[in-house]
Amino acid sequence: MTTSNSRSPELEHEKRLRMLSDADRDIIRLANDPLFPRWLEQIKAIGGCAHPIYLSGSTVTRDALTGELISSYSTAGEPSERLAVRCRNRRASVCEPCSYLHAGDTYQLIRAGLSGGKSVPDTVRNQTRLFVTLTAPSFGSVHCFLNGERCRPRRDDGECEHGRPVGCSLVHAANDTALGRPLCSDCYDHVAHVLWHAHAGRLWDRFTTAVRRHLASAAGPALEAT
């Protein structure tokens, strides 16, 4: 009888735990974990990231000449043996906290480029500024989302050479699977699309180099130096 009475509080505790949801049991488990304070530090560090990335592994830093150990780190001592870091996605629809952080960084970079600071000389304040928007070439008409407006309305009901409509009068939802798809898959230049994106990095590098050279030759060596 004594043994039964001593076990009853434990049995009642287990019974109450079984009645909880999986999420509630996980919260209780975390709160009772000795590493719970460190888990809280990780959550605060990622600033409310909606889709954190969990890293697992170790790093060792040694002096290149002597081989002396400078620092080392392993996720073995972290909660669940992993480290949470921000996803750093720029799209608010994917992760609003990280997109807000990126927007703040972008603002500071633009501000420094206009008024100086952050290793940018103050002399930029007196220089000519150009705000240029560059877009990729079009490879064919695709369905798009326009916040409640019709996709691609046309006055006539024309058809392409493949017998498909050249316009779209539908109002697409933000999660419509048709978004981004060609109005006519046969008219769309898929080959050019793939090739352009495959070489976009090199094309951008050559373009920016050509722009700098052109502006430098037009404005003089002073612009080229900056």
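Residues numbered from 1 in each chain as written. Predicted model: local features only at pLDDT ≥ 70, side-chain atom pairs only at ≥ 80, totals over all residues. Heavy atoms only, no water.

Undergrad: Looking at this structure, I do not really get the pattern of salt bridges. What am I missing?
TA: Oppositely charged side chains may form a pair once their charged atoms are brought near each other. Scanning the model with the defined rule gives 4 salt bridges in all. Taking the shortest distance from any N to any O, the salt bridge between Asp 156 and Arg 154 comes out at 3.5 Å. Taking the relative accessible area as the measure of exposure, Arg 154 reaches 45% and is therefore partly exposed. Three or more residues joined by partner-sharing salt bridges are found here, namely Arg 38, Glu 41 and Glu 78. (Salt bridge = Lys/Arg side-chain N within 4 Å of Asp/Glu carboxyl O. Buried < 20%, exposed > 50% of the residue type's maximum accessible area, 1.4 Å probe, protein only.)

Undergrad: Explain the environment of Gln 127 to me, please; I cannot follow it from the model alone.
TA: Counting through the fold element by element, Gln 127 comes out in the loop between helix 4 (96–115) and helix 5 (190–198). Residues Gln 127 and Asp 33 lie 94 residues apart in sequence; the distance between their C-alpha atoms is 58 Å. (Helix = DSSP H or I, 4+ residues; strand = E, 2+ residues; numbered from the N terminus.)

Undergrad: What is the right way to look at the layout of surface pockets in this model?
TA: To find leftover empty space, a probe the size of one water molecule is rolled over the atoms. Computed from the structure, the second largest pocket encloses a volume of approximately 230 Å³. What lines the second largest pocket is simply Leu 134, Thr 135, Ala 136, Trp 196, Ala 200, Leu 203, Trp 204 and Phe 207. When residues of the lining of the second largest pocket are assigned to their parent elements, the largest contribution, 4 residues, is made by helix 6 (residues 200–219). For the lining of the second largest pocket, the residue count by class is 7 nonpolar, 1 polar and no charged. (1 Å grid on protein atoms, 1.4 Å probe; cavity = no way out; pocket = protein on both sides within 12 Å on 5 of 7 lines; lining within 4 Å. Points joined across faces, edges and corners; volume = space filled by probe spheres on them. Nonpolar A, V, L, I, M, F, W, Y, C, P; charged D, E, K, R; others polar.)

Undergrad: Help me understand the environment of Arg 25 in this model?
TA: Its location among the elements puts Arg 25 in helix 2 (residues 22–32). For Arg 25 and Ile 110, which are 85 residues apart along the polypeptide, the C-alpha to C-alpha distance reads 47 Å. Once you skip the residues sitting within four places of it in the chain, Arg 25 turns out to touch Leu 17, Arg 18 and Leu 20. (Contact = heavy atoms within 4.5 Å.)

Undergrad: Which parts of the structure should I look at to understand the pairing of strand 3 (residues 69–74)?
TA: Two faces belong to every sheet, and in a regular strand the side chains alternate between them. Relative to strand 3, strand 2 (residues 58–62) runs antiparallel, the two sharing 5 bridges. Counterpart to Val 60 in the pairing with strand 3 is Ser 72. Between the end of strand 2 and the start of strand 3, which pair antiparallel, lie 6 residues, with Gly 67 showing a positive phi angle near 80°. (Pairing = 2+ DSSP bridges.)

Undergrad: Just checking my understanding: could you explain the nonpolar core for this structure?
TA: Taken as a class, soluble globular proteins show a tendency for nonpolar side chains to be buried jointly. Listed in full, the 5 residues of the largest apolar core are Ile 46, Cys 49, Ala 84, Cys 95 and Cys 98. Among all residues touching Ala 84, those that are not within four sequence positions of it are Gln 42, Ile 46, Ile 53 and Tyr 54. (Core = buried A, V, L, I, M, F, W, Y, C linked by side-chain atoms within 4.5 Å.)

Undergrad: Mind showing me how you'd approach the packing of aromatic side chains here?
TA: Both the distance between ring centres and the angle between the ring planes are used here to describe each pair of aromatic rings. Going through the model one piece at a time under the given rule, you end up with 2 aromatic pairs. Ring geometry for Phe 36 and Trp 39: centres 5.7 Å apart, planes at 20°, overall stacked. With Phe 36 and Trp 39 both in helix 3 (residues 36–45) and 3 residues apart, the pair spans about one turn of that helix. Classification of Phe 36 by relative accessible area gives partly exposed; the value is 24%. What makes Trp 39 partly exposed here is its relative accessible area of 29%. Summarising the aromatic geometry, the rings of Trp 204 and Phe 207 are spaced 5.9 Å apart at their centres and angled 35° between planes, so their arrangement reads as tilted. Of this pair, Trp 204 and Phe 207 both sit in helix 6, separated by 3 residues, roughly a single helical turn. For Trp 204, a relative accessible area of 49% puts it in the partly exposed group. Residue classification places Phe 207 among the partly exposed residues on the basis of a relative accessible area of 38%. In this structure, Arg 82 is placed above the aromatic ring of Tyr 54, and the distance from its NZ or CZ to the ring centre is 3.8 Å. (Phe/Tyr/Trp six-rings, centres within 6.5 Å; stacked < 30°, edge-to-face > 60°. Lys NZ or Arg CZ within 6 Å of the ring centre and 35° of its normal.)

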